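# Structure at a glance
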Amino acid sequence: MKKIIATLALCAAFAGTYAQSVNRMVIVPKGGYSQGYVINNVDSAFFTSVGRAAADVTINKTSFSSAGDTLWLAITPTADCAKFRITTVTKARADMLASPASLEAYMDNVNAPDYYQAFTNAQMTGFETPFVAGSTYSVLTLGYDKYNTPSEISRADFDTPAAPYVGNPSVSWTTTDSTATTISMQFTPNSDCASYTFCLFEEGQAEQQFEQWAPMFGFANLSDMIKQFGGNLYSSTYTNEWTGLAPGTRYDIYILPMDANGANAPLILAKASTKKQGGEGTATVDITIGDFKQSGSSYYQEVTYTPNDQASLHRDMIIAASAYNTAEWGEEGVLNYLKGDNPYDPYWNQYGVDNATWNADPSTAYIAFSIAKNVNDEWGPLARKEFTTPATPSAVAHKAPAVGSRKPQAEANVLGKAPRFNGRAVNRGVKLEQK
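Residues numbered from 1 in each chain as written. Predicted model: local features only at pLDDT ≥ 70, side-chain atom pairs only at ≥ 80, totals over all residues. Heavy atoms only, no water.

## Thoughts on the pairing of strand S11 (residues 195-202)
Consecutive residues of a regular strand have side chains that alternate between opposite faces of the sheet. Spelled out, the test is: Burial status follows relative accessibility: with a 1.4 Å probe on protein chains alone, a residue under 20% of its type maximum counts as buried, one over 50% as exposed, and anything between as partly exposed. For helices the rule is a DSSP run of H or I covering at least 4 residues; for strands it is a run of E covering at least 2, with both sets numbered from the N terminus onward. Two strands form a pair only when DSSP identifies at least two bridges running between them.
The element S11 is extensively covered by neighbouring structure, given that seven of its eight residues are classed as buried. Strand direction decides the pairing type here: S11 and strand S13 (residues 250-258), joined by eight bridges, are antiparallel. Among the inter-strand pairings, Thr197 is bridged to a residue of S13, identified as Leu256.

## Some words on the nonpolar core
So the rule is basically this: Note on terminology: a nonpolar core comprises buried Ala, Val, Leu, Ile, Met, Phe, Trp, Tyr and Cys residues joined through side-chain atoms within 4.5 Å.
Leu73, Ile75, Phe84, Ile86 and Leu432 are the most contacted members of the largest nonpolar core, which has 22 residues in total. Residue assignment for this core shows that the elements contributing at least two residues are strand S3 (55-63), strand S4 (70-77), strand S5 (83-90), strand S6 (119-125), strand S7 (136-144) and strand S8 (150-159). Ranked by size, the runner-up nonpolar core spans 18 residues in total, among them Ile183, Leu245, Ala246 and Ile253.

## Some thoughts on the sheet that holds strand S20 (residues 383-388)
Backbone-to-backbone hydrogen bonds join strands into a sheet, with any given pair of strands oriented parallel or antiparallel. Rules: Lines fitted to C-alpha atoms define the axes here, with helix axes fitted over just the stretch in contact, and angles between the N-to-C directions of these axes take values from 0 to 180 degrees.
Strands sit in the order S17-S19-S20 across an open sheet of three strands; the sheet is antiparallel. Edge strands, defined here as strands with exactly one partner in the open sheet, are strand S17 (313-320) and S20. Looking at each pair of strands side by side, their axes are set apart by 15 degrees on average, direction ignored. Judged from the six bridges that link them, strand S19 (residues 365-373) and S20 form a sheet pairing that is antiparallel. Residue pairing across strands places Ile367 opposite Glu386, the latter belonging to S20.

## Digging into the pairing of strand S14 (residues 268-273)
A one-sided burial pattern is seen for S14, the buried positions being Ile268, Ala270 and Ala272 and the unburied ones Leu269, Lys271 and Ser273. Inspection of the sheet shows S13 paired to S14 by six bridges, in the antiparallel sense. Note that in S14 the partner of Ile255 across the bridge is Ile268.

Printed below as a string of structure tokens:
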């Protein structure tokens, strides 16, 4: 503790000495946003210990009807919990609100009020929109200590019952054709199915897509997402062709049937595959260095990778020569990198000529690499082309390269932004009353 006090004293002395230039104290938390204070307004700063500040929540009962949805809750604040706030969101959104800072920001967004007492059987009512049938939701509480610090989260999940539907709406399906890049499928609804829609995903990706998009769009369940992404509704036999697919890949097609009232019936999962391309011979790639261009203050290098007819797929990169000539990389490091999976890079697997653009610096030595495998998943030789970018661009681009243009670094950098909370809101106007 003496060391901490000494550190604060040193900071105070520093602030006093350089008062003309230093006039803010900034607290930078691990999560959330920085908080700044005018030094002249800061009386003191200290460290202390607080126990668990949480409002433990359990769900006693639920009721869902056209007259209004109601939750009966027991909420027990801990000894160090001075107050709490509460909200109800979809499970997918609750999974995103995992830190006190992110949950507090959401609470502010929906104007969640403060509560200071325990509840044994409170009624939670006043939801802005009804809960979606057949979905999982979460009740979240955020406890605050006596210093008004957002502290611990308590969570309780609950399921809404599936909506009743008339008859047995269903859709039969059959794959009518497939090539290396296309799948054609025919859908036929039965007499109880008034309408239907469908959506295609790479095998096993639907749930991951739901986890990604549900918090942003407010989807309460997978059927919600299929209805939104599927787009068109069909009422009779229809044949759909998907194009531009990856060769030799398995796909899941989710079909959502609906009854005459528009109620969702259970999802139907169909499966289909594209055919592999390439041959059983040696897969090779030819590399051609193109123009070095400028877009605004950025520079980029064009490189074309052309596989032979034996290649099933190929993977491409460039790396600065200075980085390649290190113990970390070299040829072995490049091979390990290109042969590994990289599901977060949409450009990772290439199935034809790849006209790539890479961010690059002027007057810098680079090496372009590519490796391909044949239809039997046998890797061919590593293709390599050394080049040095010129001091000035060979052409000036009229527009920036397409969004998602790749980087010269050997490692894939995945930069994410927190989604904005759009879509359905269920918490605004919520009341919590002891009954």
